[in-house]
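# A look at the structure
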Amino acid sequence: MPANVLTTAIRLLSRREHTAYELQQKLQQRQFSSNDITDALQRLLETDLQSDLRFCAAYIRQQQERFGDFRLRYELAKRGAEEGTIENAIAAAALPAETTRVIEVMQKKYPQGLAHSEQNSARRFLQSRGFSADSIRCAIRQAICRSAP
């Protein structure tokens, strides 16, 4: 394995955590051979320089205030994390309840409360953030109550 494959991978990891899949994609874009990439990824895994679980934990920490559980899982899976790793990271993160997070998002987006005419756009906004229907209903109900005279 040429040292420059490993060096490149370490340089990428020094900027931010990556999943093994992301690293593989970035190294392939740089025209390294598949065998060299596989060897480098194995070495990084053995030395704990790369960890999908660590990536998931960092991503969840950064995005937990913006996204619902569904979107967090989707984004992590899209980046190549396995379902078990995602579930372990979410469990370890001890996230506040999704209802609490969605209410905070609503309060930021609609600080004055929510008018009845804004319900549909608020619902679409929260769905795009990956919140569950039950959490969205609860947040919209609370926001309407805040805006009522």
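Because the structure is predicted, anything quoted here is derived from the model rather than measured.

### Considering the side chain of S135
- Along the chain, the position of S135 falls in helix α9 (residues 133-147).
- There is a polar contact of 3.0 Å between the side chain of S135 and the side chain of S132.
- Not counting residues within four places of it along the chain, the set of residues in contact with S135 comprises E98, T99 and V102.

### Examining helix α3 (residues 34-46)
- In this model, α3 (13 residues) spans 18 Å end to end at C-alpha, consistent with the 18 Å of a helix rising 1.5 Å per residue.
- Within the span of α3, buried status applies to D36, I37, A40, L41 and L44. Considered in projection along α3, the buried side chains sweep an arc of 130° and stay on one side of the axis. Among the exposed residues of α3, those oriented more than 90 degrees off its buried face are N35 and E46.
- A positive phi of about 60° marks D48, the residue just after α3.

### Thoughts on unusual backbone geometry
- Notably, Q31 is not glycine yet its phi reads approximately 70°, a positive angle.
- Position of Q31 relative to the elements: it lies in the loop between α2 (20-29) and α3.
- The backbone phi angle of D48 is positive, close to 60°, even though this residue is not glycine.
- What makes D48 partly exposed here is its relative accessible area of 48%.

What counts as what
- Residues numbered from 1 in each chain as written.
- Predicted model: local features only at pLDDT ≥ 70, side-chain atom pairs only at ≥ 80, totals over all residues.
- Heavy atoms only, no water.
- Helix = DSSP H or I, 4+ residues; strand = E, 2+ residues; numbered from the N terminus.
- Polar contact = N/O pair within 3.5 Å; in protein donor to acceptor, adjacent residues only side chain to side chain.
- Contact = heavy atoms within 4.5 Å.
- Expected span 1.5 Å × (residues − 1).
- Buried < 20%, exposed > 50% of the residue type's maximum accessible area, 1.4 Å probe, protein only.
- Arc of directions from axis to C-beta.

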